[in-house]
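Working through the structure, step by step
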Amino acid sequence: MSGCKSGALSKLGGGESSGASPTAAGSGNGSIEPRTGGLLAVHDPKQVTDSIKITTCHFLAGPRPDPQCTPGSFDPAVTQANIQTTICRSGYTATVRPSTGETDKAKHTLYLAYGVPAGTTSELDHLVSLELGGSNDEANLWPEIGKVPNPKDTVENDLHDAVCSGKVTLAAAQQAIASDWTTAEQRLGLK
């Protein structure tokens, strides 16, 4: 599985990466370059894209996704300057969330890559949530095992509130949740 569907990829940052090394797909939709910390910039509202090649993935303790398979990605159309009209506006996520048909295709690929058996209680989750300006790219999706709603949902809500109230920047929240969602609030000084 490689190639980018019709999402637009952007160059952001200086190409520094402490995480995954994405494989460029050569689809002509732009270049893939990680932002500091390995986050990819992918503009793909309402569709699931696949900017990196995903093969075999392993869960980390926490549970957290494999940073080689799920480094995280964000939508470059959401910026610190426009958060009040994007992620901080009620109903924003409905304008970018893909349909079930789109996510079902990604589930098949990602659940297989992560070795999640059929019938396992889980959800296909955005590592950098849509409410934090995350994209729908497979680099930002992973099978989160366990009950729904899950403990990560509270972290996402708390970070969203902190960004919208000006306590932390959008980029800091995105980086913190992608690096380790289980410690994001502590590292940002919110808990």
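Whatever comes next refers back to the structure up there.
My aim in this report is to walk through the structure given alongside it, one point at a time. Since this is a predicted model, take the numbers as computed values, not measurements. (Residues numbered from 1 in each chain as written. Predicted model: local features only at pLDDT ≥ 70, side-chain atom pairs only at ≥ 80, totals over all residues. Heavy atoms only, no water.)

1. Notes on the nonpolar core
- Counting 41 residues, the largest nonpolar core has Ile-54, Ile-87, Leu-132, Leu-159, Val-163 and Ile-177 as its most contacted members.
- Going through the elements one at a time, strand E2 (40–43), helix H1 (100–114), strand E5 (141–145), helix H2 (151–164) and helix H3 (170–180) are the ones with two or more residues in this core.
- Ignoring sequence-local partners within four residues, the contact set of Leu-132 consists of Ile-87, Leu-159, His-160, Val-163, Leu-170, Ala-173, Gln-174 and Ile-177. (Core = buried A, V, L, I, M, F, W, Y, C linked by side-chain atoms within 4.5 Å. Buried < 20%, exposed > 50% of the residue type's maximum accessible area, 1.4 Å probe, protein only. Helix = DSSP H or I, 4+ residues; strand = E, 2+ residues; numbered from the N terminus. Contact = heavy atoms within 4.5 Å.)

2. Brief notes about H1
- Compared with the 21 Å implied by 1.5 Å per residue over 15 residues, the 20 Å span of H1 between its first and last C-alpha is a close match.
- Every buried residue belonging to H1 is among Thr-103, Ala-106, Thr-109, Leu-110, Tyr-111, Ala-113 and Tyr-114, and all of these are buried.
- Where H1 terminates, the next one or two residues include Gly-115, which has phi positive at roughly 70°. (Expected span 1.5 Å × (residues − 1).)

3. Overview of the layout of surface pockets
- Put simply, the largest pocket is a space of about 310 Å³.
- If you go around the largest pocket, you meet 17 residues; those closest to its centre are Arg-97, Glu-123, Leu-124, Asp-125 and His-126.
- For the lining of the largest pocket, the secondary structure elements donating two or more residues are H1, strand E4 (122–126) and H2.
- Considering each element in turn, the lining of the largest pocket owes the most residues, four residues, to E4.
- A per-class count over the lining of the largest pocket returns four nonpolar, seven polar and six charged. (1 Å grid on protein atoms, 1.4 Å probe; cavity = no way out; pocket = protein on both sides within 12 Å on 5 of 7 lines; lining within 4 Å. Points joined across faces, edges and corners; volume = space filled by probe spheres on them. Nonpolar A, V, L, I, M, F, W, Y, C, P; charged D, E, K, R; others polar.)

4. Regarding the packing of H2 against H3
- With their axes 9 Å apart at the nearest point, H2 and H3 run at an angle of 165° to one another. With respect to H3, the element H2 is oriented roughly antiparallel. Pair H2 / H3 crosses with right-handed handedness. Here Lys-152, Val-155, Glu-156, Leu-159 and Val-163 of H2 lie close against H3, whose contacting residues are Leu-170, Ala-173 and Ile-177.
- Residues belonging to the contact of H2 with H3 are distributed by class as follows: six nonpolar, no polar and two charged. (Axes fitted to C-alpha atoms, helices over the stretch in contact; angles between N-to-C directions. Parallel < 35°, antiparallel > 145°, perpendicular 65-115°, else oblique. Left-handed = near helix turned anticlockwise from the far one by under 90°.)

5. Thoughts on the pairing of E5
- By the criterion of burial, E5 is predominantly enclosed, with four of the five residues buried.
- When E4 meets E5, the two strands line up antiparallel, connected through five bridges. Looking at the pairing, Ser-122 lines up with Ile-145 of E5. (Pairing = 2+ DSSP bridges.)

6. Overview of the pattern of salt bridges
- Enumeration over the complete set of coordinates arrives at four salt bridges.
- Measuring nitrogen to oxygen at the nearest pair gives 3.2 Å for the salt bridge that ties Asp-125 to Lys-152. Of this pair, Asp-125 sits in strand E4 while Lys-152 sits in helix H2; the two residues are 27 residues apart in sequence, bridging distant segments of the chain. Comparing Asp-125 with Lys-152, the two get one shared label, buried.
- As a salt-bridge pair, Glu-156 and Lys-152 come within 2.4 Å of each other at their nearest N and O atoms. Of this pair, Glu-156 and Lys-152 both sit in helix H2, separated by four residues, roughly a single helical turn.
- For Glu-156, a relative accessible area of 7% corresponds to the buried category.
- Three or more residues joined by partner-sharing salt bridges are found here, namely Asp-125, Lys-152 and Glu-156. (Salt bridge = Lys/Arg side-chain N within 4 Å of Asp/Glu carboxyl O.)

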